[in-house]
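The residues making up each chain are set out below.
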Amino acid sequence: MKGKLLVIGFGPGDYKHITERAREAIQESDIIIGYKTYVDLIKGLLTGQQLISTGMTEEVSRAQEAVKQAEQGKKVAVISSGDAGVYGMAGLVYEVLIEKGWKKDSGVEVEVIPGISAINSCAALLGAPIMHDACTISLSDHLTPWKLIEKRIEAAAQADFVIALYNPKSGRRTRQIVEAQRILLKYRLPETPVGLVKSAYRDNQNIVMTNLQDMLDHEIGMLTTVIIGNSSTFFYDDLMVTPRGYQRKYTLNQAIQPLKPHQRLQKEAEPWALEQTDNVKLKKKDPVLLSDIETSRALAEEALQLITGVGENISPIVNQPIQSIFELAVSPGVANKKFTPKQMLTLAEITGEEGVMEYTPDHSIKLQILTSQPDEIVQKLKDANFLISPIGDVLSVKACDFCDGEKKDSIPYAEELHERLGGMELPKELKLGVNGCGMACYGAVKEDIGLVYRNGAFDLFLGAKTVGRSAHPGQIVAEGIGPDEIVGLVERIVQEYKQKAHPNERFYKFFKRVKQVQGFTYQDITPKIKIEEAVCGE
Ligand code: SAH
């Protein structure tokens, strides 16, 4: 009878995170060989197997014993915590076999059974710190020269990898983690998020969120995995998160946010993409290795320059602020629809070659600007007398030009509405149309909320469906509302919507659902024929 070696990773420690195959393999084996603590961890799964448990440092003899037993016809389980192929027993078992001239086809059968490694289990407990390019580095210098470990930390730090440090510290090895921190601080900011997870999914599990500067103030031991964030990792509500991409986006008065998933694949969000660096004039010389190296270097430098704006003296330090996309909308005014040449020049200057100026249906030009200094941009726009508004699920006022200012009576109300409510964050974007006469030629009745000024008072329209094949105007719910009341009334309607609407629920849907807003009743205006909605692009 031929024996078999089952090299099993049993995951972090609790039974729920052991794979089905690992369980079966443990049960079908005759002998279990492993480090004593690990054997103890899986004791509850045993059904009479012979146990050979050894001390921590007896890995080689464990592997040799396993091979010997398998050669004698036994099914032998060699167990590792986490994954057996990550600083575990798998490599060692193969090394012992290879030394003996073992061949895959003719020798004892080997099955390596994957398990959840500490990088995965600890990451899950911290939130989502891995997400992007990451690496594991073991700080144990028992089998690896410290010089090499140092080099790897240095390289990983420089290349902005998220890093999981295994074997960070033991009773005797205490300096390694101090050295590692010193190297990391050369390339990463002191406040870089760091997660310490001790005994993930075991009885003494302990999770600490700290940062690169302070991490040594906390307990780190043999059972800890240290996860170092990259330059865009952040903490949120006791979670450590690394965004999938580097580009971040923000608008007025809002904290920097990772791009929403659907925004990520837009071209302008990727100024560093290989395709978009075509303007990099690379002089390819002889097809020898050296020129290839030079090419990659030039490309890397160009990319870094694009991201950081740093010119010739590129420092290896990655901790410069990474540029984000600053998004905002500009217009000449609430009523004023005329741009001045100076305003156009200002736009051209601040948007630059890499930014985007988009002409929108919303009486504004949307700007997407690559910058790390949004305040400067805002100041320049203000100096040029622009009206600036945030982008996103906010309220914006779309007024007419009041016949080029001739019918100016209601302009102050439009301006007050913009001042009081413009930019207010809402469950979904909301447009408030304000038109200065009964012609309503700027389409106020076609906005979520519409106001038409007529005979010294306002008519109020609610709940237009602004797009789609079943688009319709808002319902007229009141006529002749006094100018003194209008701002307060609209504010109360908007507040009610803000408080009661579901996330992402458009105003017309909200009105249809709740039937009453500030005492105004929804009328069913569903058309006789059923109109099928077409999805975007159809
Ligand atoms: N094969 C294992 C790693 C063994 S090296 C795996 O894939 O996870 C031992 C190191 O792994 C420890 O020093 C610690 O850094 C990490 N580790 C293993 N199990 C862990 C757990 N449950 N919680 C936190 N870290 C753990």
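Residues numbered from 1 in each chain as written. Predicted model: local features only at pLDDT ≥ 70, side-chain atom pairs only at ≥ 80, totals over all residues. Heavy atoms only, no water.

A.B. asks: Summarise the overall build of the protein; cite the residues concerned and give the values.
C.D. replies: On a plain count of helices and strands, the protein comes out with 13 helices and 26 strands. Of all 538 residues assigned to the protein, the portion counted as buried reaches 46%. Of the contacts made within the protein by residues no fewer than 6 positions apart, 64% connect residues no fewer than 24 positions apart. Accessible surface, the protein: about 28,500 Å² in total, of which carbon and sulfur atoms supply 52%. (Helix = DSSP H or I, 4+ residues; strand = E, 2+ residues; numbered from the N terminus. Buried < 20%, exposed > 50% of the residue type's maximum accessible area, 1.4 Å probe, protein only. Contact = heavy atoms within 4.5 Å. Areas by Shrake-Rupley, 256 points an atom, 1.4 Å probe, with all protein chains shown as cover.)

A.B. asks: Tell me what's going on with the sheet that holds strand β13 (residues 239-241), and back it up with residues and numbers.
C.D. replies: Sheet architecture is open: 3 strands sit in the order β6-β13-β12, paired in mixed fashion. For this open sheet the edge positions go to β6 (127-128) and β12 (234-236), each flanked by a neighbour on one side alone. Pairing geometry for β12 and β13, over 3 bridges, is antiparallel. In the strand pairing of β13, Tyr236 is matched with Leu239. (Pairing = 2+ DSSP bridges.)

A.B. asks: Any details on unusual backbone geometry? Residues and values, ideally.
C.D. replies: For Asp238, which is not a glycine, the phi torsion comes out positive at approximately 65 degrees. Inspection of the secondary structure puts Asp238 in the loop between β12 and β13. With a phi close to 50 degrees, Gln518 is a non-glycine residue in the positive phi region. Relative to the helices and strands, Gln518 resides in the loop between β25 (516-517) and β26 (520-521).

A.B. asks: Can you break down the nonpolar core residue by residue, with the values?
C.D. replies: Membership of the largest hydrophobic core comes to 39 residues, with the highest contact counts inside it found for Leu432, Ile449, Leu451, Leu460, Ile493 and Phe507. Filtering out sequence-adjacent residues up to four positions away, Ile449 remains in contact with Leu430, Lys431, Leu432, Gly433, Ala444, Leu460, Phe461, Leu462, Ile493, Val494 and Phe507. (Core = buried A, V, L, I, M, F, W, Y, C linked by side-chain atoms within 4.5 Å.)

A.B. asks: So what's going on with the site of the ligand? Residues and values would help.
C.D. replies: Residues in contact with the ligand amount to 20 residues; listed here are only the nearest, Val86, Ser117, Met222, Thr224 and Thr225. Measuring from an oxygen atom of the ligand, one finds a side-chain N or O atom of Ser117 at 2.7 Å. Relative to its free-state accessible area of 540 Å², the ligand is covered by the protein chains to the extent of 95%. Tallied by class, residues from the shell around the ligand come to 11 nonpolar, 7 polar and 2 charged. Of the residues that make up the shell around the ligand, three or more belong to each of domain 1 (4-116) and domain 2 (119-241). (Near = heavy atom within 4 Å. Polar contact = N/O pair within 3.5 Å; in protein donor to acceptor, adjacent residues only side chain to side chain. Nonpolar A, V, L, I, M, F, W, Y, C, P; charged D, E, K, R; others polar. Domains from an automatic or database assignment.)

A.B. asks: Account for helix α4 (residues 90-99), with residues named and values stated.
C.D. replies: Among the residues of α4, those classed as buried are Ala90, Leu92, Val93, Val96 and Leu97. Residues of α4 that are buried in the fold lie against β1 (4-9), α3 (59-71), β4 (75-80) and β5 (109-113). Of the residues trailing α4, Gly101 is marked for its positive phi of about 80 degrees.

A.B. asks: Break down the sheet that holds strand β23 (residues 457-462) for me, with residues and values.
C.D. replies: Spatially, the 5 strands line up as an open sheet ordered β20-β21-β22-β23-β24, and their pairing is mixed. What marks the edges here is a single partner per strand, and that holds for β20 (395-399) and β24 (475-481). Along the sheet, successive strands turn relative to each other by an average axial angle of 20 degrees, direction set aside. Relative to strand β21 (residues 430-435), β20 runs parallel, the two sharing 5 bridges. Residue pairing across strands places Lys398 opposite Gly433, the latter belonging to β21. Contacting β20, β21, β22 (449-454), β23 and β24, helix α12 (residues 483-500) runs over the sheet at an angle of about 15 degrees to β23. (Axes fitted to C-alpha atoms, helices over the stretch in contact; angles between N-to-C directions.)

A.B. asks: Let's hear about the environment of Leu387: which residues, and what values?
C.D. replies: Here Leu387 is to be found in strand β19 (residues 387-389). Its relative accessible area of 22% is what places Leu387 among the partly exposed residues. Placed 55 residues apart in sequence, Leu387 and Pro332 show a C-alpha to C-alpha distance of 5.8 Å.

A.B. asks: So what about the packing of helix α9 (residues 341-351) against helix α10 (residues 374-383)? Which residues, and what values?
C.D. replies: A packed helix pair is summarised by two numbers, namely the angle formed by the two axes and the spacing between the axes. For the pair α9 and α10, interaxial distance at closest approach is 10 Å and the crossing angle is 170 degrees. In this view, α9 runs roughly antiparallel relative to α10, as classed from their interaxial angle. The crossing of α9 and α10 is right-handed. Together, Lys342, Thr346, Leu347, Glu349 and Ile350 of α9 and Ile377, Lys380, Leu381 and Asp383 of α10 make up the contact between the two elements. Residue composition of the contact of α9 with α10, grouped by class: 4 nonpolar, 1 polar and 4 charged. (Parallel < 35°, antiparallel > 145°, perpendicular 65-115°, else oblique. Left-handed = near helix turned anticlockwise from the far one by under 90°.)

A.B. asks: Could you give me a rundown of the environment of Tyr442, with the residues and numbers involved?
C.D. replies: Along the chain, the position of Tyr442 falls in the loop between β21 and β22. Along the primary structure Tyr442 and Asp401 are separated by 41 residues, whereas in three dimensions their C-alpha atoms are 8.2 Å apart. Excluding residues that lie within four positions of it along the chain, Tyr442 makes contacts with Lys337, His363, Ala399, Cys400, Asp401 and Asn435.

A.B. asks: Break down the pairing of strand β17 (residues 356-359) for me, citing the residues and quoting the values.
C.D. replies: Relative to strand β18 (residues 365-371), β17 runs antiparallel, the two sharing 4 bridges. Looking at β18, one finds that Met357 is bridged to Leu367. What sits between the antiparallel neighbours β17 and β18 is a turn of 5 residues, in which His363 has the positive phi angle 60 degrees.

A.B. asks: Outline the pattern of salt bridges, supporting the account with residue identities and numerical values.
C.D. replies: Scanning all chains against the criterion turns up 29 salt bridges. In this structure, Lys186 engages Glu154 in a salt bridge whose closest nitrogen and oxygen atoms are separated by 2.8 Å. Here Lys186 is found in helix α7 (residues 175-187), whereas its partner Glu154 is found in helix α6 (residues 146-158), with 32 residues between them in sequence. For Lys186, a relative accessible area of 37% translates into the label partly exposed. Lys338 is the salt-bridge partner of Asp404, the closest N and O atoms lying 2.8 Å from each other. Here Asp404 is found in the loop between β20 and α11 (411-421), whereas its partner Lys338 is found in the loop between β16 (324-331) and α9, with 66 residues between them in sequence. Classification of Asp404 as exposed rests on a relative accessible area of 56%. (Salt bridge = Lys/Arg side-chain N within 4 Å of Asp/Glu carboxyl O.)

A.B. asks: Now, about the confidence of the model for the protein: what can you tell me, with residues and values included?
C.D. replies: Summarising the model, the protein shows a mean pLDDT of 88, and 85% of its residues fall at 70 or more. Note on residues 279-293: pLDDT under 50 across the span, and 9 contacts to partners over four residues away in sequence or across chains. Contacts for the low-pLDDT stretch residues 311-320, under 50 throughout, to residues beyond four places or in other chains number 19 contacts. (pLDDT = per-residue confidence, 0-100.)

A.B. asks: Tell me about the packing of aromatic side chains, residues and numbers included.
C.D. replies: Applying the stated rule across the entire model yields 12 aromatic pairs. A ring pair is formed by Phe10 and Tyr38, whose centres lie 5.7 Å apart and whose planes are at 75 degrees; its orientation type is edge-to-face. Placement of Phe10 in the loop between β1 and α1 (20-28) and of Tyr38 in helix α2 (residues 36-41) is noted, with a sequence separation of 28 residues between them. The residues Phe10 and Tyr38 share a single accessibility class, namely buried. With a centroid separation of 6.1 Å and 50 degrees between ring planes, the pair formed by Phe507 and Phe510 is classed as tilted. Within this pair, Phe507 and its partner Phe510 are both found in helix α13 (residues 507-514), separated by 3 residues, close to a single helical turn. (Phe/Tyr/Trp six-rings, centres within 6.5 Å; stacked < 30°, edge-to-face > 60°.)

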